[in-house]
Amino acid sequence: MLLIAQVSDVEQDTTVGKYLIIKGDSIPRTTIDLDAVMILPRLKFENREERIRYLILRRKTLKVYPYAKMAADRLDSLTKHLATLTKNREKKKYTRKIQKYIEGEFSDELKKMSRTEGQILVKLIHRQTGITTFELVKELRNGWRAFWYNTTASMFDISLKREFDPENEKEDYLIEDILQRNFQSGRLVRQKSAIPFDFYTLTEKWRNTPEKP
């Protein structure tokens with residue numbers, strides 16, 4: 001006769017080597033790895049005006065971000081492909097091709113942007129690439145330079161040298177907050193910042209920094 005004894009003590013969850021032991025069952029750890037999820041603090045506003053400013057900034061950031069991401073993606077492709085080319089003639093030809101492609105997707109939308117939206121775009125391009133728009137214009141020259149100055153800077157009187165600086169500019173921190181919340185919700189496609197900073201450290205800093213009068 002086969003006797004089966006009932007075990008009264010339940011084995012606690014534990015980890016052994018490459019396996020996670022859950023109540024006696026071993027599961028390969030690789031099957032339960034999850035992507036890191038940011039825990040975002042609850043938004044708090046001192047007054048109605050502060051809340052309205054945040055909502056306006058959110059609307060502008062959501063409008064502009066896809067174009068900053070697209071520019072970063074195209075410029076990344078440009079840099080990688082140029083590294084494979086050896087002849088200056090080929091590099092210039094490919095650069096002009098990318099310029100025309102970006103201009104085609106950017107031009108009409110940029111003309112519809114307000115001055116503040118154009119400035120947010122410049123800062124987000126710096127966030128995405130680690131390079132200011134001014135430096136990109138200087139590097140790519142010619143068509144790219146004319147495009148930016150004719151379509152954007154001269155129209156909105158914005159600074160192409162503006163950097164994304166969430167450590168020292170609260171508005172830039174709020175832009176990052178907006179991005180993180182919309183990455184989390186899936187409304188925006190996540191793109192890691194090329195500018196190093198710790199979001200949680202900045203959150204503590206700015207939550208303890210009173211609004212300027």
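Anything mentioned here points back to the structure above.
None of the values given here were measured: they were computed from a predicted structure.

### Quick look at the nonpolar core
- Judged by nonpolar contacts, the single largest core of 25 residues is most densely connected at L121, L124, I175 and L179.
- Of all the secondary structure elements, the ones that give two or more residues to this core are helix 1 (48–82), helix 2 (88–112), helix 3 (115–129) and helix 6 (170–185).
- What I175 contacts, discounting residues up to four positions off in sequence, is L57, T61, I120, K123, L124 and F164.

### Points about helix 3
- In this model helix 3 runs 21 Å from its N-terminal to its C-terminal C-alpha over 15 residues, within 8% of the 21 Å that 1.5 Å per residue would give.
- The element helix 3 is extensively covered by neighbouring structure, given that 12 of its 15 residues are classed as buried.
- Restricting attention to buried positions, one finds in helix 3 the residues E117, G118, Q119, I120, L121, V122, K123, L124, I125, H126, R127 and Q128.
- In the stretch just after helix 3, G130 is the one whose phi turns positive, near 80°.

### Section: the packing of aromatic side chains
- Applying the stated criterion across every chain, the model contains 5 aromatic pairs.
- Seen in terms of ring centroids, Y65 and F183 are 5.6 Å apart; in terms of plane orientation they differ by 65°. Their pairing is edge-to-face. Of the two residues, Y65 sits in helix 1 while F183 sits in helix 6, which places them 118 residues apart along the sequence. The two residues Y65 and F183 agree in class, both being buried.

The rules behind each value
Residues numbered from 1 in each chain as written. Predicted model: local features only at pLDDT ≥ 70, side-chain atom pairs only at ≥ 80, totals over all residues. Heavy atoms only, no water. Core = buried A, V, L, I, M, F, W, Y, C linked by side-chain atoms within 4.5 Å. Buried < 20%, exposed > 50% of the residue type's maximum accessible area, 1.4 Å probe, protein only. Helix = DSSP H or I, 4+ residues; strand = E, 2+ residues; numbered from the N terminus. Contact = heavy atoms within 4.5 Å. Expected span 1.5 Å × (residues − 1). Phe/Tyr/Trp six-rings, centres within 6.5 Å; stacked < 30°, edge-to-face > 60°.

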